[in-house]
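# Understanding the architecture of this molecule
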Amino acid sequence: MTIKRVLDAVERLGYIPNYTARIGKAKNTKVVGVVLDCSLRSPKNSMIVAGIVEKLETCGYRLFFCTSANRSGQYKGWLEDYFQFHLAGLIFLCNENRGLSRMDKKMIEQKRIPAVVFDSLDPDGPYSTVDFDYYKDAVRLMKRLLYRVPKQMLLIEPKRLSERERLQTRAVEHVLKEYPQVKCFTMTDTSKTLEELKADDIRNFSLNKGWLKQLLETVRDFGENDLILFHWYVPLPYVKRKAEEQRIYCRYAAFAQQLDYLSSVRDGIVSMDRMYYKAGQFCSELLLDEITEKQEGSACLHHKQLILNGNISL
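The sections below set out a description of the structure shown in this document.

Reading the values: rules and limits
- Residues numbered from 1 in each chain as written.
- Predicted model: local features only at pLDDT ≥ 70, side-chain atom pairs only at ≥ 80, totals over all residues.
- Heavy atoms only, no water.
- Buried < 20%, exposed > 50% of the residue type's maximum accessible area, 1.4 Å probe, protein only.
- Helix = DSSP H or I, 4+ residues; strand = E, 2+ residues; numbered from the N terminus.
- Pairing = 2+ DSSP bridges.
- Right-handed = clockwise from strand over helix to strand, strands pointing away.
- Axes fitted to C-alpha atoms, helices over the stretch in contact; angles between N-to-C directions.
- Contact = heavy atoms within 4.5 Å.
- Arc of directions from axis to C-beta.
- Parallel < 35°, antiparallel > 145°, perpendicular 65-115°, else oblique.
- Left-handed = near helix turned anticlockwise from the far one by under 90°.
- Nonpolar A, V, L, I, M, F, W, Y, C, P; charged D, E, K, R; others polar.

## Some details on the pairing of strand S4 (residues 115-118)
The alternating pattern of S4 places Ala115 and Val117 and Val116 and Phe118 on opposite faces, both of which are buried. Summarising the sheet, strand S3 (residues 89-93) and S4 pair through four bridges and their orientation is parallel. When the sheet's bridge partners are listed, Leu93 is paired in S4 with Phe118. Regarding topology, helix H5 (residues 102-111) serves as the crossover connection from S3 to the parallel S4, and that connection is right-handed. Sheet topology places S4 next to strand S5 (residues 128-131); three bridges connect them, and they run parallel.

Right under this line is the structure:
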């Protein structure tokens, strides 16, 4: 009789169960928190998330998503909120190789929660990390680019170097030591970084005219085998088109990072197969191992092959 009265009241009042509250009270849940310190408008990030969702939901886990920053850009309280739900594990997706704060690390260590951090390049933390091997990949790329031994090379760096780009720059410097005859110039790109550009802005991207003029003056004496190397792909076609208008012909290449624009690259050699979907699945597999076996944190490199795409035959 009591059950009937409760069910009648539920129907009359239109009550909808709060599954979030249920999860919060449960002691043993199959719930994984996925923290985004990055925008899903970027194809690479949405592919990582797709890989995570596919793997974990197949294994019967539910996912809670949140961003780690509020509108003012300050990190605030996301981890405390997550721990209300007795998470089985945590995956943190980094932006510009920014990992967790010192306080976040301390809380994860205290709670002893299995955690995987992706693309942080963090050498020290109470969690497993999955990173691309940017240094070795850049070394392989440079050795192929310098196969024809250009007389001159221009390295264009973004105005704000992340740890990834520092590793790539170190790789360039390392390989150039084997080619002392190559004269290397360096410029800083004053345009917005990929993280500052929204997805819609990329299609309307334009270079600062003063900066472009300085660049063209720098490479005016470049020849056919000489090289312009970017840390990111977006400015490459604009520079190439403007250079060819002024009859400046040389090779162009980029440490490409935007998957949706790579299919149109025909101008150089790019390292393009970062396989973000598989990276998301790999993060999930590593977390599942830690959930079941409570392994200590470890560092992994998600290796990628080098794809040659363009009109340069090596």
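## Here's the deal with the sheet that holds strand S1 (residues 31-36)
Two pairing modes exist for strands in a sheet, parallel and antiparallel, and in both the strands are linked by backbone hydrogen bonds. Here we have six strands laid out as an open sheet, ordered S2-S1-S3-S4-S5-S10, and parallel in their pairing. Of all strands in the sheet, those bounded by a partner on one side alone are strand S2 (62-67) and strand S10 (299-301). Sheet twist, expressed as the mean angle between neighbouring strand axes with direction ignored, is 20°. Where helix H12 (residues 276-293) meets the sheet, it contacts S1, S3, S4, S5 and S10, and its direction lies at approximately 160° from that of S4.

## Regarding helix H10 (residues 236-245)
For H10, the set of buried residues is Leu236, Val239, Lys240 and Ala243. Down the axis of H10, the smallest arc covering the buried residues is 100°, so these residues share one side. In the core, the buried residues of H10 are packed alongside helix H9 (209-218), strand S8 (227-230) and strand S9 (251-254). Two residues or fewer after H10 comes Arg247, characterised by a positive phi angle close to 60°.

## Some words on the sheet that holds S9
If you trace the four strands from one edge of the open sheet to the other, you get S7-S6-S8-S9, paired in parallel fashion. The strands lining the two open edges of the sheet, one partner per strand, are strand S7 (183-189) and S9. The mean inter-strand angle of the sheet, taken between neighbouring strand axes irrespective of direction, is 20°.

## Considerations on the packing of helix H3 (residues 43-58) against H12
Viewed as axis vectors pointing N to C, H3 and H12 meet at an angle of 40°, and their least axial separation amounts to 7 Å. When the axis of H3 is compared with that of H12, the two are oblique. Between H3 and H12 the crossing geometry is right-handed. The residues of H12 that touch H3, namely those facing Lys44, Met47, Ile48, Ala50, Gly51, Ile52, Glu54, Lys55 and Leu56, are Tyr276, Tyr277, Gly280, Gln281, Ser284, Glu285 and Leu288. Of the residues assigned to the contact of H3 with H12, the class counts are eight nonpolar, four polar and four charged.

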